[in-house]
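# Working through the structure, step by step
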Amino acid sequence: MIRNVLVAIFGASMLVGTSYAADISEAPEPAPTAIETVPTFVWTGGYVGLQGGGGWLNSDLSVPGDSTSESLNGGIFGAFAGYNHQIGDWVVGIEGDVSYNWNDETFTLFGADTEVATDVSGSVRGRIGYSLTERALLYGTAGWAVTRGFVDVEGLPKEKETFNGWTIGAGVDYAFTDSMFGRAEYRYNDYGDKDVGGVNVDLDQHQFTIGVGVKF
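Looking up the protein chain in an unreviewed UniProt entry gives the name Outer membrane immunogenic protein, with the organism given as Sinorhizobium kostiense.

Put into structure tokens, the structure is as follows:
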């Protein structure tokens, strides 16, 4: 009798040990950890911004039998707007800008005091760029440029004309955040020539600007 009880107790203990070992060997796998995906910045979208800097304008002035070349240098301030589309590391887009130039100068030309200047200017350009890094865009730009110039010869009515030409340049945009970027840009503007108040005026300009823009 006692022997039967001992055998039963021994058998029960073996079953419990086997079940416990099975529980240990078949422990459940930990739940998979979710992997966060960090969104990649892209330049695609519209944008607007403000820019300012300096312009170095050369003005060739001539009348029959006489000519001179004068420098009209001054500050520039304006606004720009455009749209970009990114394809891989390449970015293409279109942009327009309008600015005001402070570059009026007075000279003694052709025996009279003469004031020469440009004021409002603008352009419409295509752009193509390459992403050096995720947030740094190096680009080239070219297109149509326009400015309004005037010649004010002492004793004669002030004459204004609109000059149309072309512009080409390059720059870099850098995105500080997903919606704000900074810019540095150089452009050469050739506005062509026109007769203003009997004086043939030929204008070309170098300009350098820095700006800040908002992308949306």
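All right, on to the packing of aromatic side chains then. Going through the model one piece at a time under the given rule, you end up with nine aromatic pairs. Relative to Trp43, the ring of Phe41 lies with its centre 5.1 Å away and its plane at 85°, an arrangement referred to as edge-to-face. The structure contains a cluster of three or more aromatic residues connected by ring pairs, namely Phe41, Trp43, Tyr47, Phe80 and Phe181. Over the face of the ring belonging to Tyr139 we find Arg127, whose NZ or CZ atom lies 4.2 Å from the ring centre. Across the ring face of Phe150, the terminal group of Lys158 is positioned such that the distance to the ring centre comes to 4.0 Å.

So, about the nonpolar core. The biggest cluster of nonpolar side chains holds 16 residues, and the ones touching the most others in it are Leu61, Val116, Val151, Phe163, Val201 and Leu203. Looking at this core, the elements that each hand over two or more residues are strand S1 (45–63), strand S4 (105–109), strand S5 (112–131), strand S6 (136–153), strand S8 (180–196) and strand S9 (199–215). When neighbours within four sequence positions are excluded, Phe163 is seen to be in contact with Ala145, Val146, Thr147, Gly149, Tyr191, Gly192, Asp193, Lys194, Val196, Val201 and Leu203. Counting eight residues, the second largest nonpolar core, distinct from the first, contains Phe80, Val91, Ala175 and Phe181.

Cut-off values and rules
Residues numbered from 1 in each chain as written. Predicted model: local features only at pLDDT ≥ 70, side-chain atom pairs only at ≥ 80, totals over all residues. Heavy atoms only, no water. Phe/Tyr/Trp six-rings, centres within 6.5 Å; stacked < 30°, edge-to-face > 60°. Lys NZ or Arg CZ within 6 Å of the ring centre and 35° of its normal. Core = buried A, V, L, I, M, F, W, Y, C linked by side-chain atoms within 4.5 Å. Buried < 20%, exposed > 50% of the residue type's maximum accessible area, 1.4 Å probe, protein only. Helix = DSSP H or I, 4+ residues; strand = E, 2+ residues; numbered from the N terminus. Contact = heavy atoms within 4.5 Å.

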